[in-house]
Amino acid sequence: MRSTASFKGHPIHVILIPFPIAFLGGSVLFDLAGRLLESPALWTTGGHLVIAGIVMGLVAAVPGAIDYFTTVPPRSSAKERATKHALANLSALILFAISWLIRGAPAEAPTIVTIGIGAVALVLLAMGGWMGGTLAYRNQIGVDHRYADAGKWNEERIGDGPDPVVGRTSELEVNQMKLLHLDGDRIVLARTEEGFVAFDDRCPHRGGSLAGGSMICGTVQCPWHGSQFDVRDGGMKAGPAESGIRTHELRVEGDEIRIVR
Ligand code: FES
């Protein structure tokens, strides 16, 4: 599903993460080469790279945190993976910072201890990066889905109140969906050939976001493993999910669509 911290649909976190990976990976390599070749110029470069890497890691963490709280579906396998991804990368940054504090200055020769700490941090960074890749390429976090006739990504935060207005009859075409954030719930408003429907944005299999899936003829398909649900009554039509989804009652008044709460 579409990243919140994005620029023209491109997730900013993904744009920034090559910098800390390159800088921090380079810092360990330059330190190692500096020690092996007894070259102060090389290990001084490594010393500067570790500072640049920590700074860029913290900068990249900001859009990552925004997406963690607003984009990654709650109570899902992706949320668990995103938590481990964040912890691995944060631990790596802390280890790099410790190695830097022990070292003191870029021109100081790195010791076996500081290079060792950097190597461990690099392994953690690789693990975090691997999980980040799974989040992007398997869980499709940050992907702006545009399947045929789906229209642009629709997402709206709805205020509190009884039976709030969640949309207008003119804003969705048949088979288009809109993700609603309502009282802490994520609900999908959709238009079928027979009218408007609303259902939970959570696949009961592993918590995939149904708003990021595809819908046709009153059936929505989860983008993660393909479970299918009838959006009119929430019934499960195909697994691997083993149960249906919760639907919500709507009321149409003029061109206003209200959700019954
Ligand atoms: S999360 Fe597996 S099918 Fe939806």
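In this text, all values refer to a predicted model and were calculated from it rather than measured experimentally.

Trainee: Looking at this structure, I do not really get the environment of glycine 244. What am I missing?
Mentor: Relative to the elements of secondary structure, glycine 244 occurs in the loop between strand S11 (236-238) and strand S12 (247-248). Using a relative accessible area of 34% as the deciding quantity, one classes glycine 244 as partly exposed. Separated by 15 residues in the primary sequence, glycine 244 and phenylalanine 229 place their C-alpha atoms 6.5 Å from one another. Setting aside its immediate chain neighbours within four residues, glycine 244 contacts Pro204, Phe229, Gly234, Gly235 and Met236.

Trainee: What's the story with helix H4 (residues 77-103) in this structure? I'm lost.
Mentor: Think of an α-helix as 3.6 residues a turn; residues three or four steps apart then line up on the same face. In a regular helix each residue adds 1.5 Å, so 27 residues correspond to 39 Å; H4 covers 39 Å between its end C-alpha atoms and thus fits that length. Those residues of H4 that sit buried are Ala78, Lys79, Ala82, His85, Ala88, Asn89, Ala92, Leu93, Phe96, Ser99, Trp100 and Arg103. Each element contacted by the buried residues of H4 is listed here: helix H1 (12-16), helix H2 (18-37), helix H3 (40-70) and helix H5 (112-137). Looking at the residues trailing H4, positive phi occurs at glycine 104, about 95 degrees.

Trainee: What is the right way to read the sheet that holds strand S9 (residues 219-221) from this model?
Mentor: Two strands in a sheet stick together by hydrogen bonds in their backbones, pointing the same way (parallel) or opposite ways (antiparallel). Strand order in the open sheet formed by four strands is S8-S9-S10-S11, with antiparallel pairing between adjacent strands. Each edge of the open sheet carries a strand with a single partner, namely strand S8 (214-216) and S11. Averaged over neighbouring strand pairs, the angle between their axes works out to 25 degrees when direction is ignored. Sheet topology note: the S9/strand S10 (residues 228-230) ladder contains three bridges and is antiparallel.

Trainee: Help me understand the state of the cysteines in this model?
Mentor: Formally, a disulfide is one covalent bond, and it connects the sulfur atom of one cysteine to the sulfur atom of another. If you walk through the whole model with that rule in mind, you get zero disulfides. Cysteine cysteine 217 shares no disulfide, and the gap to the nearest cysteine sulfur, in cysteine 222, comes to 19 Å.

Trainee: Is there a simple way to think about a nonpolar patch on the surface in this case?
Mentor: A grouping of Leu90, Ile94, Ile98, Ile102 and Val113 is seen on the molecular surface, where their side chains present a nonpolar patch of about 450 Å² in accessible area. Among the elements that make up the nonpolar patch, the one with the highest residue count is H4 (four residues). Summarising the element assignment, valine 113 is placed in helix H5. The exposure class assigned to valine 113 is exposed, which follows from its relative accessible area of 52%.

Trainee: Quick question: what am I supposed to make of the pairing of strand S13 (residues 250-253) here?
Mentor: Side chains on a regular strand alternate between the two faces of the sheet. Pairing analysis gives four bridges linking S13 to strand S14 (residues 256-259), with the strands arranged antiparallel. Following the sheet pairing, leucine 250 is matched in S14 by isoleucine 259. In this structure, the hairpin formed by S13 and S14 is closed by a connection of two residues, where glycine 254 is found at a positive phi of approximately 60 degrees.

The rules we used
- Residues numbered from 1 in each chain as written.
- Predicted model: local features only at pLDDT ≥ 70, side-chain atom pairs only at ≥ 80, totals over all residues.
- Heavy atoms only, no water.
- Helix = DSSP H or I, 4+ residues; strand = E, 2+ residues; numbered from the N terminus.
- Buried < 20%, exposed > 50% of the residue type's maximum accessible area, 1.4 Å probe, protein only.
- Contact = heavy atoms within 4.5 Å.
- Expected span 1.5 Å × (residues − 1).
- Pairing = 2+ DSSP bridges.
- Axes fitted to C-alpha atoms, helices over the stretch in contact; angles between N-to-C directions.
- Disulfide = S-S within 2.5 Å.
- Patch = residues over 30% accessible without salt bridge, like charges linked within 9 Å, V, L, I, M, F, W, Y side chains within 5 Å.
- Areas by Shrake-Rupley, 256 points an atom, 1.4 Å probe, with all protein chains shown as cover.
- Salt bridge = Lys/Arg side-chain N within 4 Å of Asp/Glu carboxyl O.

Without other data, these values stay purely geometric and don't point to any function.
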